[in-house]
Amino acid sequence: SQQGEEDPQALSIQEGENATMNCSYKTSINNLQWYRQNSGRGLVHLILMRSNEREKHSGRLRVTLDTSKKSSSLLITASRAADTASYFCATVDNYGQNFVFGPGTRLSVLP
Amino acid sequence: DVKVTQSSRYLVKRTGEKVFLECVQDMDHENMFWYRQDPGLGLRLIYFSYDVKMKEKGDIPEGYSVSREKKERFSLILESASTNQTSMYLCASSLEQGADNSPLHFGNGTRLTVT
C-alpha cells in the first residue's frame, strides 16, 4: 500500500526558528493531509492538499505539494514552544477512501 | 466542532480477557475507523466502517473484531487480549465515502496495556 514517509524523524529547534518537515509517498493520490499530535492525545487535522493544489497557507503553516516528485513539505514559521508535537502526513487514495499515515516527525521547540 | 469520544483514556487488562473499546462521534459522520499507534510504526488501520452494520478489514485486523450497530458508535473488540496488543488505540470519523474534503477527526486515544 502507498505510504507517506516523513523526514526527518525528529527535529529540535529554538523558538523563533522555522521548522520544515517533508513527506514522500509512492503512488498517485486524491489528496494529502497533515496532522498534528500532542503527546498522549489524538491527531488534529491541519491542512488538506488536493492533488491539483501546489501551495497553501494557514496562519504560520505553509504546505507545498509536488505530485511529480510525490512529495509534500510542511513549514512552520516563527515556531513556538507550543508547536512541540509530532506531525504526520497522510495520503488518501484516488477513491477518497483509504488514509495511509507515515511514522511522523517529532518536533521539539526549545524556549 | 466534531467530537469523537473514546470511553477510556487508560486501560489495563490481563492476557486472555475480552476487551471492548468504545468510540462515539456526534457529527453524523458516515465513516469510522480504528487505528493502533506504536512507536516507529505510525498509525496502522485495524478496521473501518462506511455505514451501520458494515465493516471492512484494514491492514492489521488479526485478533480484532468490530461492531457498528448505530451510526454514531463504533466498537473495537479484542476477543482474547494478548501482550502484543498493548498499544495506543485511536478512533476516527469522517464524512461520507469519497467526499472531497473529508479529514479525519480523532478521539484522544485509549492507551491499552495487556499484562
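Residues numbered from 1 in each chain as written. Chains lettered and ligands numbered in written order. Predicted model: local features only at pLDDT ≥ 70, side-chain atom pairs only at ≥ 80, totals over all residues. Heavy atoms only, no water.

**Focus: the interface of chain A and chain B**
How big an interface is tends to be stated in terms of accessible area lost as the parts join.
Consideration 1: Listed as interface residues are 21 residues of chain A and, on the opposing side, 21 residues of chain B.
Consideration 2: For the chain A and chain B pair, buried surface summed over both sides reaches about 1700 Å², with 48% attributable to carbon and sulfur atoms.
Consideration 3: For the interface between chain A and chain B, the tally reads 0 salt bridges.
Consideration 4: Where chain A packs against chain B, one counts 3 residue pairs in polar contact (both at pLDDT 80 or more). (Contact = heavy atoms within 4.5 Å. Buried area = accessible area lost by both parts, 1.4 Å probe. Salt bridge = Lys/Arg side-chain N within 4 Å of Asp/Glu carboxyl O. Polar contact = N/O pair within 3.5 Å; in protein donor to acceptor, adjacent residues only side chain to side chain.)

**Section: the side chain of Gln37 of chain B**
Consideration 1: Positionally, Gln37 of chain B belongs in strand 5 (residues 31-38).
Consideration 2: A distance of 2.8 Å separates a polar atom in the side chain of Gln37 of chain B from a polar atom in the side chain of Gln37 of chain A.
Consideration 3: Sequence-distant contacts of Gln37 of chain B, defined by excluding residues within four places in its chain, comprise Gln37 and Phe88 of chain A together with Gly42, Leu43, Ser87, Met88 and Leu90 of chain B. (Helix = DSSP H or I, 4+ residues; strand = E, 2+ residues; numbered from the N terminus.)

**Section: the side chain of Ser73 of chain A**
Residue and element names in this part refer to chain A.
Consideration 1: Mapped onto the elements of the fold, Ser73 is located in strand 8 (residues 71-76).
Consideration 2: The class of Ser73 is buried, set by a relative accessible area of 15%.
Consideration 3: A polar atom in the side chain of Ser73 sits 2.6 Å from the side chain of Thr64.
Consideration 4: If we skip the residues at most four places from it in the chain, Ser73 touches Met21, Asn22, Trp34, Arg62, Val63 and Thr64. (Buried < 20%, exposed > 50% of the residue type's maximum accessible area, 1.4 Å probe, protein only.)

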